[in-house]
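Summary of the model geometry
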Amino acid sequence: MIEVKELIKRALEIKVRAYAPYSNFHVACVVMTRSGKVFEGVNVENASYSPTLCAERNALSTAITDGEREFLYIVISGDSDYTYPCGVCRQFIREFADDYTRIIVAKDCDNYKTYTIDELLPNSFSKKDLK
Ligand code: THU
């Protein structure tokens, strides 16, 4: 099983692939599924600004497209020391995060913080409400 540090290393490596000509702020997200598969995403900006896609939603959507639904790790690394997921991404992550899902906000391979979605988005609205 790939270790957290390897996932962070991968996020740091792919961050340069962000398409961020407007903000010049690069973000990468690497997710690992319960089955051990790894998917990557970077932020993709747009001249019309609002269509901008965050790295987290990009990575998760790629994994979902591949048929994955269960995530062990969601690793985020951006141009600030600790780049936290935006509000929209927290809600997006909420959809696919379970009690075992760990969201890791990484400065580098030795400096990272680990959260559950309940810590990042307390009292959230989720699919449980719709049951
Ligand atoms: N960004 C992400 O990719 N993820 C986040 O959770 C925070 C913000 C991107 C969006 C935009 O391209 C740039 O960072 C500056 O906001």
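Residues numbered from 1 in each chain as written. Predicted model: local features only at pLDDT ≥ 70, side-chain atom pairs only at ≥ 80, totals over all residues. Heavy atoms only, no water.

**Concerning the site of the ligand**
Every residue lining the ligand is accounted for by Ser23, Phe25, Val27, Asn43, Glu45, Thr52, Cys54, Ala55, Glu56, Tyr84, Pro85 and Cys86. Contact distances for the ligand include 2.9 Å between an oxygen atom and a side-chain N or O atom of Asn43. Surface burial for the ligand is 79%, taken as the share of its 370 Å² of free accessible area covered by protein chains. Classifying every residue of the shell around the ligand gives seven nonpolar, three polar and two charged. (Near = heavy atom within 4 Å. Polar contact = N/O pair within 3.5 Å; in protein donor to acceptor, adjacent residues only side chain to side chain. Areas by Shrake-Rupley, 256 points an atom, 1.4 Å probe, with all protein chains shown as cover. Nonpolar A, V, L, I, M, F, W, Y, C, P; charged D, E, K, R; others polar.)

**Focus on helix H1 (residues 4-14)**
Residues Val4, Leu7, Ile8, Ala11 and Ile14 constitute the buried set of H1. The arc that holds the buried residues of H1, viewed along the axis, is 135°, so those residues lie on one side. Where H1 is buried, its residues contact strand E1 (27-33), strand E2 (38-42), strand E3 (71-78), strand E4 (102-108) and strand E5 (111-115). (Buried < 20%, exposed > 50% of the residue type's maximum accessible area, 1.4 Å probe, protein only. Helix = DSSP H or I, 4+ residues; strand = E, 2+ residues; numbered from the N terminus. Arc of directions from axis to C-beta. Contact = heavy atoms within 4.5 Å.)

**A word on the layout of surface pockets**
Space inside the largest pocket adds up to approximately 290 Å³. Around the largest pocket sit 15 residues that line it, and Arg94, Ala97, Asp98, Lys127 and Lys128 are the ones nearest its centre. For the lining of the largest pocket, the element with the highest residue contribution is helix H3 (residues 87-96), accounting for three residues. Taken together, the residues of the lining of the largest pocket sort by class into three nonpolar, two polar and ten charged. (1 Å grid on protein atoms, 1.4 Å probe; cavity = no way out; pocket = protein on both sides within 12 Å on 5 of 7 lines; lining within 4 Å. Points joined across faces, edges and corners; volume = space filled by probe spheres on them.)

**Focus: the pattern of salt bridges**
Evaluated as defined, the whole model comprises nine salt bridges. Of the charged contacts, one joins Lys5 and Asp110 as a salt bridge, the two residues approaching to 3.2 Å between their closest N and O atoms. You can see Lys5 sitting in helix H1 and its partner Asp110 sitting in the loop between E4 and E5, a full 105 residues away along the chain. The salt bridge partner of Arg10 is Glu40, with a shortest N-O separation of 2.8 Å. In this pair, Arg10 is assigned in helix H1 and Glu40 in strand E2, connecting sequence segments 30 residues apart. (Salt bridge = Lys/Arg side-chain N within 4 Å of Asp/Glu carboxyl O.)

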